[in-house]
Amino acid sequence: MNINDMEGLDEETQKKIEDLQKVVCKGDVKESTRAKLDIGIALAQNNDIKNALSVWSSIKRADDPNTYAYAKLNMGIALLQRNNVKGALSEWNNIERADNPNAYAQAQLNIGVALEREGDSKGALLSWSNISHADDSEIYSQAQFNIGIELYKNNTKEKGLSVLKDIKSLDNSKVYAKVQYIVGLELKAEGNFERALKS
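Read on for an overview of the structure. (Residues numbered from 1 in each chain as written. Predicted model: local features only at pLDDT ≥ 70, side-chain atom pairs only at ≥ 80, totals over all residues. Heavy atoms only, no water.)

As for the side chain of Lys72
- Tracing the backbone shows Lys72 in helix H4 (residues 65–81).
- Classification of Lys72 by relative accessible area gives buried; the value is 13%.
- Not counting the four nearest positions on each side in its chain, Lys72 is found in contact with Glu91, Trp92, Asn94 and Ile95. (Helix = DSSP H or I, 4+ residues; strand = E, 2+ residues; numbered from the N terminus. Buried < 20%, exposed > 50% of the residue type's maximum accessible area, 1.4 Å probe, protein only. Contact = heavy atoms within 4.5 Å.)

So this is what it looks like as structure tokens:
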């Protein structure tokens, strides 16, 4: 990226990118790859998505799988914001658990949400089911919540509630609070006020 590509960026962002470019030029592959990720983030934060995508796409798995995973994750998010669902799904599907379990879990969560919005509940459930507790307990809890709600909405209420009830407070307290509220409403609807108050 040269100075002409930075037109429209504020001075602080230009300085940050120039400093990161120095790291890219030094030759240490991991540091260079991380600097590219950060350059892309700085560009995206300044709504220069085209250049951000270009920088992120130069990051290869062989250079650093961890950074590659986060580049693909960011590319998917940027593409989805541009209403390119197919492109976003393609980028997220390139992330493997071995690259980075957290990025993999986030990608699978995003894939599920995108597919659910597109009306593909089966695909969404499959993506969310790909996330394991070991990948990231918070993201796993969110995926389980999504699975439970999707099952609940699709006439498998009992199975959905069962999935929801398995979510632990220690894994994700916000999701757990939502679950307790939903379970409480369901118990209240059944006329079980005492149990609803304990939820």
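Section: the nonpolar core
- In this structure, Leu53, Trp56, Leu89, Trp92 and Ile95 are the most contacted members of the largest nonpolar core, which totals 38 residues.
- Among the secondary structure elements, those contributing two or more residues to this core are helix H2 (29–45), helix H3 (49–57), H4, helix H5 (85–93), helix H6 (101–117), helix H7 (121–129) and helix H8 (137–153).
- Here this core takes eight residues from H6, the largest share from any one element.
- Apart from the residues lying within four places of it in its own chain, the contact partners of Leu53 are Met75, Ala78, Leu79 and Arg82.
- Listed in part, the nine residues of the second largest apolar core include Phe145, Leu161, Leu164 and Val183. (Core = buried A, V, L, I, M, F, W, Y, C linked by side-chain atoms within 4.5 Å.)

Thoughts on the pattern of salt bridges
- Throughout the structure, instances matching the rule amount to seven salt bridges.
- Lys72 is paired through a salt bridge with Glu91; the nearest N and O atoms lie 2.8 Å apart. Of this pair, Lys72 sits in helix H4 while Glu91 sits in helix H5, placing them 19 residues apart in sequence. Comparing Lys72 with Glu91 shows no difference in burial state: the two are buried.
- As a salt-bridge pair, Lys153 and Glu150 come within 3.6 Å of each other at their nearest N and O atoms. Residue Lys153 and its partner Glu150 are both found in helix H8; the two are separated by three residues, about one turn of the helix.
- The class of Glu150 is buried, set by a relative accessible area of 5%.
- Residues participating in the shared-partner salt-bridge network are Arg61, Glu96 and Asp99. (Salt bridge = Lys/Arg side-chain N within 4 Å of Asp/Glu carboxyl O.)

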